[in-house]
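# Remarks on the overall topology
What follows is each chain in one-letter form.
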Amino acid sequence: MEFMTELPLSELIITATQLNDSQADWHFHLLTPMCTLNAKPQYALVLEDIGTSKNYVSYQAIKPFAASNQLAKMLHGSGMIDPTGHIKAAELAPDEKPIYNHARLLTDQQRPWHHHMLFPNCAYNKHAPKWTLLFEDQSDTQVTSLVSDTEPTLLLTGLEQLFYRR
Ligand SMILES: [Zn+2]
Ligand SMILES: [Zn+2]
């Protein structure tokens, strides 16, 4: 992302809380050092204020786990994905199945991967007004994009189940 204001972690949390309290349109990303969206070899907690198009980042040497959990709770409520659940993979669309199967294979092989669900208004989304799901196979830095008119909720649930099962 081109323009991001760098903030200390505590100030980024305060900014997110203020946005949330004023019911602004916001979301965040926790980027690992390996992530292709991340320009620096550190963890990056990225906060997007959609209304003003202002973006903030806090770089951290150690994964800011508590801070990202706090933001996730604010954004999504406390509803957590059940990592023991299984989606009905047969119900996935033809272009979704290869991504799910790839994730399942990598998970079985204990190889690193992660994904991003980029909302239509996300600054990282190059296909707005469509939704973009990015799947990153970190073992060969291969990135797969799935572009769709609506949120691919079944695939997303399936990926999150696999992700949190590890
Ligand atoms: Zn990534
Ligand atoms: Zn975003």
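Just so we're clear, the structure is a prediction, and the values are computed from it rather than from any experiment.

Rules of the game
- Residues numbered from 1 in each chain as written.
- Chains lettered and ligands numbered in written order.
- Predicted model: local features only at pLDDT ≥ 70, side-chain atom pairs only at ≥ 80, totals over all residues.
- Axes fitted to C-alpha atoms, helices over the stretch in contact; angles between N-to-C directions.
- Helix = DSSP H or I, 4+ residues; strand = E, 2+ residues; numbered from the N terminus.
- Parallel < 35°, antiparallel > 145°, perpendicular 65-115°, else oblique.
- Contact = placed C-beta atoms within 7 Å.
- Nonpolar A, V, L, I, M, F, W, Y, C, P; charged D, E, K, R; others polar.
- Pairing = 2+ DSSP bridges.
- Expected span 1.5 Å × (residues − 1).
- Domains from an automatic or database assignment.
- Buried ≥ 20, exposed ≤ 12 C-beta atoms within 10 Å, placed from the backbone.

### Let's talk about the packing of helix H3 (residues 97-108) against helix H4 (residues 153-165)
Running from N to C, H3 and H4 cross one another at 5 degrees; their axes reach a closest spacing of 10 Å. On the basis of their axis angle, the class for H3 and H4 is roughly parallel. Facing Ile99, Tyr100, Ala103, Arg104 and Thr107 of H3, the residues of H4 in contact are Leu155, Gly158, Leu159, Leu162 and Arg165. Its residues assigned to classes, the contact of H3 with H4 comprises 6 nonpolar, 2 polar and 2 charged.

### Things to note about the sheet that holds strand S3 (residues 43-49)
Pairing in this open sheet of 4 strands is mixed, and the strands run S1-S4-S3-S2 from one edge to the other. Looking at which strands have only one partner, the edges of the open sheet turn out to be strand S1 (5-6) and strand S2 (26-31). Two elements, S1 and strand S4 (residues 54-60), share 2 bridges in a ladder whose sense is parallel. Opposite Glu6, over in S4, you have Val57 as the bridge partner. Sheet strands touched by helix H1 (residues 9-21): S2, S3 and S4. Its angle to S3, the strand with the most contacts, is close to 30 degrees.

### What about helix H2 (residues 65-76)?
Helix length check: H2, at 12 residues, gives a terminal C-alpha distance of 16 Å against a target of 16 Å (1.5 Å per residue), a fit within 8%. At the exit of H2 stands Gly77, carrying a positive phi of roughly 80 degrees.

### Description of the domain arrangement of the chain
Each assigned domain of the chain is listed here: domain 1 (5-76) and domain 2 (89-165). A C-alpha centroid distance of 21 Å is found between domain 1 and domain 2. Facing the 10 residues of domain 1 at the interface are 11 residues of domain 2. Grouping the amino acids of the side of domain 1 that touches domain 2 by side-chain chemistry returns 4 nonpolar, 5 polar and 1 charged.

### Structural notes on the sheet that holds strand S5 (residues 113-118)
Ordered by their spatial adjacency, 3 strands build an open sheet running S5-S6-S7, and the pairing between neighbours is antiparallel. Sheet topology places S5 and strand S7 (142-148) at the edges, where each strand pairs with a single neighbour. Between one strand axis and the next, the sheet turns by 15 degrees as a mean value, whatever way the strands run. Two strands pair when backbone bridges link them, and strand S6 (residues 131-137) and S7 are joined in this way by 7 bridges, in the antiparallel orientation. Its bridge partner lying in S7, Leu134 is registered against Ser145. Strands in contact with H3 are S5, S6 and S7; relative to S6, the strand with the most contacts, it is inclined by about 30 degrees.

### Concerning unusual backbone geometry
Across residues other than glycine, the phi torsion is negative in most instances, and most of the peptide bonds are trans. Looking along the chain, the bond that leaves Ala128 and enters Pro129 is cis, with omega of 10 degrees. Looking at where Pro129 falls in the secondary structure, it is placed in the loop between S5 and S6. Phi angles above zero are rare outside glycine, and Ser53 is one such case at about 60 degrees. Note that Ser53 resides in the loop between S3 and S4. A tally of 10 C-beta atoms within 10 Å means that Ser53 is categorised as exposed. Phi is positive for Gln110, close to 55 degrees, though the residue is something other than glycine.

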